[in-house]
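# Structural features, examined
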Amino acid sequence: MLLAFIGFVIFITECNGSPIAVPEAPLEKRATQVSLKSYTYTNGVLSGSINIQNLAFSKVVTVVYAVGTTWTSSQQISAAWSSGPDSAGYEIWSFSGSAPGATQFYIKYDVSGSSYYDPGNYQNYQIVASSASTISSTSSASSTTSVPSSSVSATATQVTSTTTTAGAGGGIGTVTPSQPPPILLSNPGTESPVSPPTGCGNFNGLDNCASGSTYTFPNAAESRRWQSPPEGEPQYVSTFQNYRDLVGYADIQYNSARNAAVVVVNVASRTGETLTYSFNGASQSSNTYQIQSTFSSGLDIVVTSSSGKKLTLETLYFTWQANAVNPPSGTTFNGGQKGAIVELFGWPYDDIAQECTFIGKAGYMGVKIWPPTEHVWGSHYYEPDNQFRPWYFVYQPVSYRLHSRMGTRAQLRNMIQACRAAGVRVYADAVINHMAAGGTDIQNHRTTSCSYYSGRNATDGSPYFTSGNTYMLNPYTGLRPALEYPAVPYGPTDFHCERSLNSWTDGNIITKGWLVGLADLNTEKAYTQDRIATYLVDLLSIGFSGFRVDAAKHIGPASMAAILGRLRQKMGGSMPGDFITWLEVILGGESSLLACDGGEWSWYTNFNNQLSANGFSSTDIAKVKIWSSDYPKEHPACGSWIIPASRFAIQNDDHDQQNPGSTSRDMQDKGSVLIRDKDVAKHRGFEVQLFTRTDADWHIKLVLSSYMFMGNGASGFPDGLSDCSLYTGTQSVAGCLGVPKDQAYVSEACGYSMSEGKYTRVHRDMSIINAMRSWVGLGSTTASALGISGCS
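A brief look at the structure comes next. Quantities reported herein were computed from a predicted structural model and do not represent experimental measurements. (Residues numbered from 1 in each chain as written. Predicted model: local features only at pLDDT ≥ 70, side-chain atom pairs only at ≥ 80, totals over all residues. Heavy atoms only, no water.)

This part takes up the overall build of the protein chain. Helix and strand counts for the protein chain stand at 12 helices and 35 strands. Here the protein chain holds 792 residues, and the buried ones make up 59% of them. Summed over its atoms, the accessible surface of the protein chain is roughly 28300 Å², and 50% of this surface lies on carbon and sulfur atoms. (Helix = DSSP H or I, 4+ residues; strand = E, 2+ residues; numbered from the N terminus. Buried < 20%, exposed > 50% of the residue type's maximum accessible area, 1.4 Å probe, protein only. Areas by Shrake-Rupley, 256 points an atom, 1.4 Å probe, with all protein chains shown as cover.)

In structure tokens:
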């Protein structure tokens, strides 16, 4: 039965809808754990504050209201932490939300598997419109009912207020939001200030790990946050937004059918200001917004502080808005679980969008692009190896904003939509082990040899900070620089302390050391895991069907499984049917540790167990692949298939092999790296063999279409952005190693273009195409049918 308190008489409404009047009872407070402090109801908005006894870290506080005598599951407003706890152990939580026609309400407090109610005793608070009410309650015995609990994290330094506001559409119901971990630590303490180094000194070494068994920063390192120049300072540019005072991001959480979602905006204010949230121009005090599948536009979000500072987030899209993928007649690609994927190394998004028509006709299942995130950039000097805007910059992310050298977020989405319409799935390269390297940030730097160099910028203009080679105090914190990427946002304790990756037999060093100086993320930390998962949800929401995980080996099986587990939860409890991911785990002499012995660091049996522990079903585990670095020379690495061959992704040459010394993968005479061997027949033979061999049941096979490096060693993408004519620095341009522009998409181009600085287009070779088509169950085709007459 439903319980309601109306006017001066309690009505108990039975299942047949007939009310039964019972004698009035006094409004008696029944639970000491929760009590209404005050409320207002104006213009259909119900707001107020609640006293909550701090019984556990994770808790859910909900205001449930009725319209007349009708109670439905959608008539709920979530509350969020506001202040406390006080000396008596009580916190104040606030709520505010649209409640048109509301007549009465009660409060439910879920914590540690129990529920507490206010006012309790089957009574409700009666709403008096257009007025403020203060509630005084007496305490008495509590009423406890066991229910499944939801985890909502709150912290004294997190600035959010949570409520549910309906988005466009209706009839599906709302999605219960889960608050992400807080951005900031509570009471982190302060670091002792240091003096700027003199002479040729710098701050290098001060962020090194304190001991051999220490892998994290002390909490007090957080006092060095908030380094971005504020508006009005000479160093300020508009793309820095108000990162000096506001940082945050949007978290999409789907229902199980993925036909509705709730967007939770997680924001931190340096000074604890009150925040207002604008969703597509409509402002509210709530940090959550409900979206249903009738919503067809992008969602623009702006957060404004009480002093007028603004944080503008990237436009969000949702999975149901992506074009349907219709594969070629004759194959379904097993629902996206078996097929060939073309890797278009260095191709701009606009060119990929055009190329997808050919890729779809040829019979490829998908295309993989390079990291879409904002990354290190610059024009005023070239690198120590003389490379101008080298390709490896795309593997040094500055934020999770989707603006790389390949194009903007809008161009990325347009490309994905075009490819999906052509029957081609799109996969991202996800760099989630690290951020940009120390000493590559926007600050001025000095080496110990007294060589000075200025800072770099980023492809979307976001600020970012490291301590590497820095020598000046930050003018806004008064402290030495710290690791901070405010557009994510990440701060010092979101990283491992600095330590060289100097052992390949110690799992802790492999997963917590800094790979070639790259700032290594603390992927054991809940906030970092959740923030990465939120980024991966954004990729799937904009239309990607999956992703490669770069340097997964250095994340570790347990942390990787936890990240994917959080992704699964945010996607509604399961992964999409056509989802796949493949993880870069390069095996060398450490095969026993990382694969064969089944221990803590094993990416085979142990990783499966970790995925299961994080809620993955056997069906979803099968979608998680390991990139097979032991192919083609040493597979299976353990001498037998410890996990099925279908769990591996294989390919002939990969992009890392193109640079001598950049990978330990050894193919010897079992494979060919095209741009190094420069032997088309040899390379073609190994690409065809990829699809014709029958010694194992691999389901995902990758074909690299790269570009030829220049004769002088220049290796930047031939997209025109590594052309030395764009160099603006003071070094001699004669030393600049650049690559001129080549047009990536050429409608009638053949496979194997072998001129320096030109895209190779291996995926257009007819022998490879027909071998691939036979493997996926398609009949052979001709060059004429694909629009490339005269090609072979």
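Having seen the model, we can carry on.
Before going further, it helps to examine the pairing of strand β11 (residues 114-118). Each regular strand shows side chains that alternate between the opposite faces of the sheet. Where burial is concerned, most of β11 is hidden: 4 out of the 5 residues are buried. Counting the residues that bridge the hairpin from strand β10 (residues 102-111) to β11 gives 2 residues, and of these Ser-112 lies at a positive phi of roughly 50°. (Pairing = 2+ DSSP bridges.)

Throughout the structure, instances matching the rule amount to 34 salt bridges. When the shortest N-O distance is used, the salt bridge between Arg-409 and Asp-538 registers 2.8 Å. Linking Arg-409 in helix α3 (residues 409-421) with Asp-538 in helix α5 (residues 526-542), this pair joins segments that are 129 residues apart in sequence. Taking relative accessible area as the criterion, Arg-409 reaches 9% and is therefore assigned buried. The partner of Lys-570 in a salt bridge is Asp-530, and the shortest N-O contact between them spans 3.1 Å. (Salt bridge = Lys/Arg side-chain N within 4 Å of Asp/Glu carboxyl O.)

In this section: helix α12 (residues 766-776). Of all the 11 residues making up α12, 8 are buried; the element is thus mostly covered by neighbouring parts of the structure. Of the residues making up α12, those classed as buried are Met-766, Ile-768, Ile-769, Ala-771, Met-772, Arg-773, Trp-775 and Val-776. Residues of α12 that are buried sit in contact with α1 (333-336), β22 (339-344), α2 (349-362), α11 (680-692) and β35 (700-705). One side-chain oxygen at the N-terminal end of α12 lies 3.1 Å from the backbone nitrogen of Ser-767; it belongs to Asp-765. Count one or two residues on from α12 and you reach Gly-777, which has phi positive near 90°. (Contact = heavy atoms within 4.5 Å. Polar contact = N/O pair within 3.5 Å; in protein donor to acceptor, adjacent residues only side chain to side chain.)

Moving on: the sheet that holds strand β19 (residues 288-292). Across the sheet, which stays open at both edges, the 3 strands sit in the order β15-β16-β19 with antiparallel pairing between neighbours. What marks the edges here is a single partner per strand, and that holds for β15 (246-254) and β19. Taking each pair of neighbouring strands and ignoring which way they run, the sheet shows an average axis angle of 20°. Pairing of β15 with strand β16 (residues 260-269), which is carried by 9 bridges, proceeds in the antiparallel orientation. (Axes fitted to C-alpha atoms, helices over the stretch in contact; angles between N-to-C directions.)

Time to look at the packing of aromatic side chains. Working definition: an aromatic ring pair is given by the centre-to-centre distance plus the angle between the planes. With the rule as written, the count across this model stands at 39 aromatic pairs. A centroid spacing of 6.0 Å and a plane angle of 45° characterise the contact between Tyr-109 and Tyr-116, whose relative ring orientation is tilted. For Tyr-116, a relative accessible area of 11% puts it in the buried group. Aromatic side chains Tyr-464 and Tyr-485 sit 6.3 Å apart centroid to centroid with 15° between the ring planes, which places their arrangement in the stacked category. Here Tyr-464, found in the loop between β29 (457-458) and α4 (507-512), pairs with Tyr-485, found in the loop between β29 and α4; they are 21 residues apart in sequence, far enough to count as distant. (Phe/Tyr/Trp six-rings, centres within 6.5 Å; stacked < 30°, edge-to-face > 60°.)

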